[in-house]
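A look at the structure
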Amino acid sequence: MITSLLHPTPHTKIMVATSHLDSMAEELGDFLAPYEGLIDVSLFPGDHQSLITFHKTFTIKDYKSPAGGVPRDYACIIVQDVLHRHESPHKFLELLYRTLLNASEIIIVQKNGSMPLPEVESLLDQVEFRAINAITDLIDGYDVIVGKKMHMWGNGL
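Being a predicted model, the structure only gives us computed values, none of them experimental. (Residues numbered from 1 in each chain as written. Predicted model: local features only at pLDDT ≥ 70, side-chain atom pairs only at ≥ 80, totals over all residues. Heavy atoms only, no water.)

**Digging into the overall build of the protein**
Scanning the protein from N- to C-terminus turns up three helices and seven strands. Along the protein, from the amino end to the carboxyl end, the secondary structure elements read β-α-β-β-β-α-β-α-β-β. Over its C-alpha atoms the protein spans a radius of gyration of 14 Å, differing by no more than 12% from the 15 Å that the globule rule assigns to 157 residues. Across its three principal axes, the protein shows a C-alpha extent of roughly 35 × 30 × 30 Å. (Helix = DSSP H or I, 4+ residues; strand = E, 2+ residues; numbered from the N terminus. Rg over C-alpha atoms; globule rule 2.2 N^0.38 Å.)

Structure below.
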């Protein structure tokens, strides 16, 4: 599951930017509970079903807008079925880069075939994410691409 990619510490704070909030958010909440972790969600237009309450919820009006959040606030960002729909995926990723703490990760989760993996990897590389890896067998029917924001590399923020 997606939690196998996370490395929580006490009070870990993550963001989920999604077009369809589902059981993954509940799984993340259960996983972070022993660490007193927090989850913020950016809800892009779509079908959202969740039984848990989040630290902060940002309602995003369209696929031109950035996700919520402030600079250097998150230990991880999970982007679920948003990148291929966003009108400016490069700018979207640049703004997400700024919301991550140094040495933090972005996890892109997309339905198989919604966007070519080399294109996603190239976008992450252009925005200065490093150690980019595609994982095609972690979640049935989904591609998972992980990138890391490295301290003092590229954009530096």
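**A closer look at the pattern of salt bridges**
All chains considered together, the criterion is met by six salt bridges. Salt-bridge contacts for Lys91 lead to Glu94; the nearest nitrogen and oxygen are separated by 3.9 Å. Here Glu94 and Lys91 lie together in helix α2 (residues 89-99), a separation of three residues that amounts to about one turn. Residue classification places Lys91 among the partly exposed positions, given a relative accessible area of 41%. One salt-bridge network, in which partners are shared between bridges, spans Lys13, Asp40 and Asp73. (Salt bridge = Lys/Arg side-chain N within 4 Å of Asp/Glu carboxyl O. Buried < 20%, exposed > 50% of the residue type's maximum accessible area, 1.4 Å probe, protein only.)

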